[in-house]
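# Coordinates in review
Now for the letters of each chain:
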Amino acid sequence: MANNNTQRSVLGTRALNRATLDRQLLLRPARMTAVAAVEHLVGLQAQNVKPPYYALAARLDGFGPEALSTPMAGREVVRVVTMRSTIHTHTADDCLTLRPLVQPARDRELVTFRKGLAGVDLDRLAGLARDLVETEPRTMKQLREALLQEWPDADPQALAVAARCRLPLVQVTPRGLWGRSGQVSLTTAEHWLGRPAEPAPAPDAVVLRYLAAFGPASVKDMQTWAGLTRLREAFERLRPRLVTFQDDKGVELFDLPDASRPDPDTPAPPRFLPEFDNLLLSHADRTRVVPPEHRGRSWQGNIAYRTLLVDGFLAGLWRLEDHTLVIEPFDRLTRAQRDEVTAEGERMLRVMHPESSHDIRFGVVRG
């Protein structure tokens, strides 16, 4: 696609929106495999089992749940704690490199639990936990109980968190497979994938990948996505290889020179996104996707809702309820918008739930 903004010093909200949607494979269905998409997107947020599947259904041409479930069963993709201390679905290669990259953040996380870990040798804990989960996958409850035998005066939850922070623990299948149930059982990434972890990649390489999937973006944007600090130096080293813009608040944005930056008036079809979609979580300034008047409306407490994009921006919520797709827009939609949302809802249902029929109902307009 032609780069229409290379000569522009300022990128407005709609320009950032369209560029980000394009990088996120949300302007038009992408023709790539699920594994290639997971790699391009540098992982998919996956606190729950289903969100990665809905995330890819919104992005890929010809996607079906088995397109992700099969490579997960084959250990080509895994579920592991990485960015922001949250579970992501990553390719096997990224699991073995990105986890070392964010390890300093996982180490800092343990400071919060230092009181409950008084007297605990963390190196010994990591070694013991590794032996336990590589002997056989363990649940967090089993891991807590085993570690508590060694340190009976420690806080049980802190012991389990320490094991998760010190080790790259992956969730073994059938957990994560579409249509299958299974409790969370853990082993190390190296044991599950049958090869050692790779050295952490240079931050510079990950900056380039982040910009390819989420740019144009600021240093703070990437730090928000990664849950890391002190990335300014990497951006500065890369500056000669990048182009820079400003947003309408004057914040400096970096981007890849040959990256797509579509015209701000490029049509953006409706999209049904899962809870925790990285599109809504990976920038310090989320106004490129979340209008200020709708800030905070996709969350309540610790619960995130499934979200609807209309014209590229957060415009409502959706849920499946008794074989009915319930759509709750924040504002009134035009007739044409309702028709487009309905058509996209029908497409999503055919992809994700071909075995059953669903009605589509628009709920009460919120607020």
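Residues numbered from 1 in each chain as written. Predicted model: local features only at pLDDT ≥ 70, side-chain atom pairs only at ≥ 80, totals over all residues. Heavy atoms only, no water.

## Section: unusual backbone geometry
The residue after Thr-173, namely Pro-174, is reached through a cis peptide bond having omega 15°. Among the structural elements, Pro-174 can be located in the loop between β5 (169-171) and β6 (186-188). Note that the residue after Gly-215, namely Pro-216, is joined by a cis bond; omega there is -5°. If you check the backbone angles, Val-42 has positive phi at about 55° while not being a glycine. Mapped onto the elements of the fold, Val-42 is located in the loop between α2 (34-40) and β2 (44-45). With a phi close to 60°, His-323 is a non-glycine residue in the positive phi region. (Helix = DSSP H or I, 4+ residues; strand = E, 2+ residues; numbered from the N terminus.)

## What about the sheet that holds β2?
Spatially, β2-β4-β3-β5-β6 is the arrangement adopted by the 5 strands of the open sheet, whose pairing is antiparallel. The open sheet terminates on both sides in strands that have one partner only, identified here as β2 and β6. Where β5 and β6 come together, 3 bridges link them in antiparallel fashion. Residue pairing in the sheet places Val-170 in a bridge with Thr-187 of β6. (Pairing = 2+ DSSP bridges.)

## What about the packing of aromatic side chains?
Across all of its chains, the model carries 9 aromatic pairs by this definition. Aromatic side chains Tyr-54 and Trp-318 sit 5.6 Å apart centroid to centroid with 65° between the ring planes, which places their arrangement in the edge-to-face category. Here Tyr-54, found in helix α3 (residues 51-57), pairs with Trp-318, found in strand β13 (residues 313-320); they are 264 residues apart in sequence, far enough to count as distant. Note on accessibility: Tyr-54 and Trp-318 belong to one class, buried. Between Phe-272 and Trp-318, the ring centres sit 5.6 Å apart and the planes meet at 85°, which makes this aromatic pair edge-to-face. Taken together, the positions of Phe-272 in strand β9 (residues 271-273) and Trp-318 in strand β13 put the pair 46 residues apart, joining distant regions of the chain. For the pair shown, Phe-272 and Trp-318 are each scored as buried. Within the aromatic cluster, the residues linked to one another by ring pairs are Tyr-53, Tyr-54, Trp-178, Phe-272 and Trp-318. One Lys or Arg, Arg-75, reaches over the ring of Trp-192 and ends 3.4 Å from the middle of that ring. Residue placement shows Arg-338 over the ring face of Phe-362; its charged tip is 4.0 Å from the ring centre. (Phe/Tyr/Trp six-rings, centres within 6.5 Å; stacked < 30°, edge-to-face > 60°. Buried < 20%, exposed > 50% of the residue type's maximum accessible area, 1.4 Å probe, protein only. Lys NZ or Arg CZ within 6 Å of the ring centre and 35° of its normal.)

Limitation: the analysis is restricted to geometry and does not speak to function.
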